[in-house]
Amino acid sequence: MAAVLLLTPKVRKIVNDYDRQRKEGLDPAFELKALSIEGAEWNKVYPVIDAMISEPFIAALKKGLDLQGFPIGSPRVPMTDVSAAAAARIEQALKNLNG
């Protein structure tokens, strides 16, 4: 899940700010205004997280990466790909996030 989200500019901005705060010895805080991210944007990130964690992790991660342009194949047996409905849910959440 994190790999898929890290590929999106908004989430990279959050992660970079977190890393900056840690390097400065701060206790990292998620401040939307400081990152120029509106609360509505977080409302676009959360559905991606929800869609991904509602499915078996590896299959959801691979589908999310594939949908972001990084086709890495199907999970190894005995795991299977996510269902068509789950793939559609992940795809829609990523489309909403990426605009």
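Check the entry above for the structure.
Residues numbered from 1 in each chain as written. Predicted model: local features only at pLDDT ≥ 70, side-chain atom pairs only at ≥ 80, totals over all residues. Heavy atoms only, no water.

**Some words on the overall build of the protein chain**
Under the convention used in this document: Think of it this way: any DSSP run of H or I at least four residues long counts as a helix, any run of E at least two long counts as a strand, and we number them from the N terminus. Per-residue accessibility, obtained with a 1.4 Å probe over protein chains only, is compared with the maximum for each type, and a residue is labelled buried under 20%, exposed over 50%, and partly exposed between these values. Contacts are assigned to residue pairs with any non-hydrogen atoms lying within 4.5 Å of each other. Residue burial considers only the protein chains on display, and all accessible areas are found by Shrake-Rupley using a 1.4 Å probe.
For the protein chain, the count of helices and strands is 5 helices and 0 strands. Start at the N end of the protein chain and walk to the C end: the helices and strands fall as α-α-α-α-α. Out of the 99 residues in the protein chain, the part that is buried amounts to 30%. Restricting to contacts in the protein chain with at least 6 residues of sequence separation, those with at least 24 account for 57%. Summing over all exposed atoms, the protein chain offers an accessible surface of approximately 6,400 Å²; the carbon and sulfur share of this is 57%.

**Overview of the nonpolar core**
The criterion, for reference: The nonpolar core is taken to be a set of buried Ala, Val, Leu, Ile, Met, Phe, Trp, Tyr and Cys residues, with the residues joined through side-chain atoms within 4.5 Å.
In terms of nonpolar packing, the biggest core is built from 15 residues, with Val45, Val48, Met52, Ala60, Val82 and Ile90 touching the most fellow members. Those elements giving two or more residues to this core turn out to be α3 (39-53), α4 (57-67) and α5 (84-98). For this core, the element with the most residues is α5, which contributes 6 residues.

**Regarding the packing of α4 against α5**
The cut-off we apply is this: Note on method: axes are straight lines fitted to C-alpha atoms, helices fitted across the in-contact stretch only, with angles between N-to-C directions ranging 0 to 180 degrees. Angles are sorted into four bins: roughly parallel if under 35 degrees, roughly antiparallel if over 145, roughly perpendicular if 65 to 115, and oblique for all others. Handedness of a crossing follows from how the near helix is turned relative to the far one, being left-handed for an anticlockwise turn of less than a right angle and right-handed for a clockwise one.
One way to put it is that α4 packs onto α5 with a least axis distance of 10 Å and a crossing angle of 50 degrees. The angle between α4 and α5 falls in the class oblique. At the point where α4 passes α5, the crossing takes the right-handed sense. Every residue of α5 that contacts α4 at Ala60, Lys63, Gly64 and Leu67 is listed here: Ala87, Ile90, Glu91 and Leu94.

**Things to note about the side chain of Lys62**
Where we set the bar: Only four residue types enter the tally: Lys and Arg on the positive side, Asp and Glu on the negative side; His and the chain ends are excluded. Within this document, salt bridges are pairs made up of a side-chain nitrogen of Lys or Arg and a carboxyl oxygen of Asp or Glu, the two lying within 4 Å of each other.
Among the secondary structure elements, Lys62 is positioned in helix α4. Buried charge without a partner: Lys62 forms no salt bridge, and the closest opposite charge is Asp81, 7.7 Å away. Once residues lying within four places of it in the same chain are set aside, the contact partners of Lys62 are Ile72, Gly73, Ser74 and Pro75.

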